[in-house]
Amino acid sequence: MRLAGVVCLLGLSLSMAYNLSYDNSYSQYKQTSELYNSFSLVQALSDKVDLNLDADFTANRSDALHRFRDTRMGEAWVSYKPGEDLELATSLERRLHTEERFGEIIRDEAETTVTGQIRCSALEWLSLDVGLGTHLLRYQTISDDSMVSGRNQGGVHDVSISVNKSFTPRFSTSVSFGEERTLGDETDYGSDNLTGRVNYKLPELLPDAFITYQVGASKFFTIYHDSAQSQRQRSWKHSASFTLPELLPALSLSMGTNWNQTQRYWEREDSTAQQRDARNREDVSRGINSSIRYDIMENAYITFGISRRLSRSDRKRQGPGTENLFDIWNNSDNRSLSASVVYKPGEAKVEFKRTVELYRHDTFGTWESGIGVEYRDNTDRDELRETLMLNAELPVSSRLTLSTALTGERRETIYLMAEQSANSKTSSIYSVEPGATFELGRNWDLEHKVKFSADYTTYLFPDVSASNNLLFRRVESSFSLDRLSADSTRLGVSHDFRYQDQGGFEQSMFTRSEETLRSSLTLFGGFHLPGRVGLTPSYSWEYNSRNYPSGLASSTSEHLHHVGLYTNMSLSRGNLTLSLTRTFYSEEDRESYWRATVNFNYVP
């Protein structure tokens, strides 16, 4: 880090333009505190040479757990551009991580990576990026009386190739390939990615219509030399889309389909065949979707959408008391239909949306224990999800705007297996959220929103269900009367309120079991000092309570006082933002805590 500081001072002494930023934040809650620092410098050493420095430091302390974590990362790189089509760069990255428990280090890691890169785009349709380097990881972990230490050293190389070619004004293609490798004494890991894309614009008979097809493949691997095993993952995908902006003068259409397959498995070094392992997975999915938009009039349109996705997931299951592996898989089918109407008369906006989803989940395969007992997955279920939403925003005048949001959601879940059928249920959520915003003048604004919501959960077989029918009711309110300056200085008052009760709901009778309430009133006293410096001191009183009418637990309540200071000031060509908050409890046995955030950004 001393070298980075010397290079930083050298860069600042040069007359070329530079960009410097520094972020600092500190927070503390009860017995846990965290400090974060981030530094970044971009310096133009000459017309062709650029210097970049990045450094991060994070410290986390938990007194209750007697734990301290320290993470530091620094990166420096220099790039040289001898021409517009060629760039040479070298970078050094250093990462340190330590963890202490009860004053003793139990984890210590140091990782260093040095790379050199060549970026070339000599041809308009071809770009190449090649990187070579070395990597070293040292680690030491202590657990009880045992200690594990080691090192992983090896080479690093990255290759990225991108080709973008237009054969005709209507036909174009793009192909990209990437390869990343990090080799070591203990572990090798890397990835490969290949993606191809074709775009074709249809003739003038269908104006602005085009077809896009994309195909891709990727693989990831991790080879553990000490266990002669490797973990691998392979993925394939392809997708196609058809877009027709003007099927008719007021009608547009888009359609698409996609397919994905992923295999994750373990294999041994002495065999190229895939091994049977309980960690192996294979997932396959395919889907189709389409949407139609029709412009009813100049300021209103309607949209319809339909989609369907079929998925299959294969895995292995080990029977209890045996090493035998059994093939288990599940199929899912998710179908969705949506419709929305948007109406924009002048500055107002009204939106209505309706969505219906059908979901089906089926499991297959069984496994046996060592004594011949057969098991199977019993989570088969069907679900119906329905959503109804209405949003409206109505400017009554140039200063007053009214808004409302109505939402209704219903989900019915049916478990098909006898062992789970008692958990079949219907869940419903209803909410109403009216609001208003009024501009009083001289930058004063008044805003108030209220939300009423209720959640119902009803079991279809309450006599045999392990749970009871539940009802949650909430009232939320947000009010503010303030004036906000361009430098974020704030003057005014705000109030936030939330009340919720919950309990059982049987035969139209509600039995309240718990009540929670939170109310927070905040005063902002923003003012300006000479030199365009704005300060916003604030005071907030917060009350929280939890009551148990059923008597299952004792009621609790607490009063909190938050004293804060916020400023956003310009310093020469830089900007400094500072936020400090001190929280006090009314109870003497509760410890107060700080919340602080400092941000500084300098632009020459």
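Residues numbered from 1 in each chain as written. Predicted model: local features only at pLDDT ≥ 70, side-chain atom pairs only at ≥ 80, totals over all residues. Heavy atoms only, no water.

Participant: How do you make sense of the overall build of the protein chain when you look at a structure like this?
Facilitator: From N to C terminus, the protein chain includes one helix and 31 strands. Each of the three principal axes of the protein chain carries a C-alpha extent, and together these read 80 × 75 × 70 Å. Within the span of the protein chain, comprising 604 residues, buried residues form 28% of the whole. For the protein chain, the share of sequence-separated contacts (at least 6 apart) that also reach a separation of at least 24 residues comes to 50%. Taken as a whole, the protein chain presents about 36,300 Å² of accessible surface, with 54% of it coming from carbon and sulfur. When the 66 basic and 81 acidic side-chain charges of the protein chain are each reduced to a single mean position, those positions are 2 Å apart. (Helix = DSSP H or I, 4+ residues; strand = E, 2+ residues; numbered from the N terminus. Buried < 20%, exposed > 50% of the residue type's maximum accessible area, 1.4 Å probe, protein only. Contact = heavy atoms within 4.5 Å. Areas by Shrake-Rupley, 256 points an atom, 1.4 Å probe, with all protein chains shown as cover. Lys, Arg positive; Asp, Glu negative; His and termini not counted. Charge placed at Lys NZ, Arg CZ, Asp CG, Glu CD.)

Participant: It is not clear to me how unusual backbone geometry should be interpreted in this structure. Could you clarify?
Facilitator: Working note: non-glycine residues mostly have negative phi, and peptide bonds are mostly trans. With phi around 55°, histidine 66 is a residue other than glycine that occupies positive phi space. Of note, histidine 66 is situated in the loop between β3 (49-62) and β4 (67-83). By relative accessible area, histidine 66 is classed as partly exposed at 44%. At serine 488, a residue that is not glycine, the phi angle is positive and equals roughly 70°. Checked against the element boundaries, serine 488 lands in the loop between β24 (470-484) and β25 (490-506).

Participant: Sorry, what's going on with the packing of aromatic side chains here?
Facilitator: Ring pairs (aromatic) are described by centroid distance and by the angle formed between their planes. Applying the stated criterion across every chain, the model contains seven aromatic pairs. Between tyrosine 224 and tryptophan 266, the aromatic rings sit 6.0 Å apart at their centres with planes inclined by 10°, giving stacked as the arrangement. Taken together, the residues tyrosine 224 in strand β11 (residues 210-224) and tryptophan 266 in strand β13 (residues 251-268) connect sequence positions 42 residues apart. Since its relative accessible area comes to 10%, tryptophan 266 is described here as buried. Where tryptophan 367 meets tyrosine 375, the ring centres are 6.2 Å apart and the plane angle is 15°; that geometry is what we call stacked. (Phe/Tyr/Trp six-rings, centres within 6.5 Å; stacked < 30°, edge-to-face > 60°.)

Participant: Whenever I open this one, the pattern of salt bridges confuses me. Can you help?
Facilitator: If charged atoms from side chains of opposite charge come close, those side chains can pair. For the coordinates displayed, the defined rule picks out 33 salt bridges. Across the pair aspartate 377 and arginine 315 runs a salt bridge whose closest N-O atoms are separated by 3.5 Å. With aspartate 377 in the loop between β19 (374-376) and β20 (381-395) and arginine 315 in strand β15 (residues 300-318), this residue pair connects regions lying 62 residues apart in the sequence. Here aspartate 377 and arginine 315 have matching classes, each one buried. In this structure, the salt-bridge partner of arginine 354 is glutamate 386, at a minimum N-O distance of 3.0 Å. Of this pair, arginine 354 sits in strand β17 (residues 349-364) while glutamate 386 sits in strand β20; the two residues are 32 residues apart in sequence, bridging distant segments of the chain. (Salt bridge = Lys/Arg side-chain N within 4 Å of Asp/Glu carboxyl O.)

Participant: Is there a simple way to think about the environment of tyrosine 26 in this case?
Facilitator: Considering the arrangement of structural elements, one finds tyrosine 26 in strand β1 (residues 18-29). A residue is classified by how much of its surface remains accessible, and tyrosine 26, at 28% relative accessible area, is partly exposed. Ignoring any residue separated from it by four or fewer positions in sequence, one finds tyrosine 26 in contact with Ser33, Glu34, Leu35, Trp594, Arg595, Ala596 and Thr597.

Participant: How do you make sense of the side chain of arginine 67 when you look at a structure like this?
Facilitator: Here arginine 67 is to be found in strand β4. Not counting the four nearest positions on each side in its chain, arginine 67 is found in contact with Asn60, Arg61, Ser62, Glu99, Glu100 and Arg101.

Participant: Quick question: what am I supposed to make of a nonpolar patch on the surface here?
Facilitator: A grouping of Tyr294, Ile296, Met297, Val341, Tyr343, Val350, Phe352 and Leu388 is seen on the molecular surface, where their side chains present a nonpolar patch of about 670 Å² in accessible area. With three residues, the single largest contributor to the nonpolar patch is strand β14 (residues 281-297). Mapped onto the elements, valine 341 comes out in strand β16 (residues 325-343). (Patch = residues over 30% accessible without salt bridge, like charges linked within 9 Å, V, L, I, M, F, W, Y side chains within 5 Å.)

Participant: Help me understand the environment of arginine 473, please; the structure alone is not making it clear to me.
Facilitator: Structurally, the position occupied by arginine 473 is in strand β24. Classification of arginine 473 by relative accessible area gives partly exposed; the value is 33%. It is 49 Å that separates the C-alpha atoms of arginine 473 and aspartate 54, two residues lying 419 residues apart in sequence. Arginine 473 has contacts with Ser453, Ala454, Tyr499, Gln500, Asp501, Phe510 and Arg512, leaving out every residue within four places of it along the chain. Among the polar contacts listed, one links the side chain of arginine 473 to the side chain of aspartate 501, at a separation of 2.7 Å. (Polar contact = N/O pair within 3.5 Å; in protein donor to acceptor, adjacent residues only side chain to side chain.)

Participant: Help me out: how do you make sense of the side chain of glutamine 500 in this one?
Facilitator: By secondary structure assignment, the location of glutamine 500 is in strand β25. In terms of polar contacts, glutamine 500 uses its side chain to reach the side chain of arginine 474, at 2.7 Å. Not counting residues within four places of it along the chain, the set of residues in contact with glutamine 500 comprises Phe472, Arg473, Arg474, Glu514, Glu515 and Thr516.

Participant: Please clarify how the pairing of β4 should be interpreted in this entry.
Facilitator: Side chains on a regular strand alternate between the two faces of the sheet. Strand direction decides the pairing type here: β3 and β4, joined by 14 bridges, are antiparallel. Along β4, the bridge assignment pairs aspartate 56 with methionine 73. Count of turn residues in the β3/β4 antiparallel hairpin: four residues, of which histidine 66 carries a positive phi of about 55°. With 15 bridges joining them, β4 and strand β5 (residues 86-101) adopt antiparallel strand pairing. Bridged to tryptophan 77 within β5 is serine 91. (Pairing = 2+ DSSP bridges.)

Participant: Teacher, can you tell me more about the pairing of strand β10 (residues 187-201) here?
Facilitator: Here strand β9 (residues 171-182) runs beside β10; their pairing, made up of 12 bridges, is antiparallel. Paired with phenylalanine 177 across the two strands is leucine 194, which belongs to β10. What sits between β9 and β10 in their antiparallel hairpin is a turn of four residues. One ladder, built from 15 bridges, connects β10 with β11; its direction is antiparallel. Considered in β11, the bridge of glycine 196 is made with valine 215.

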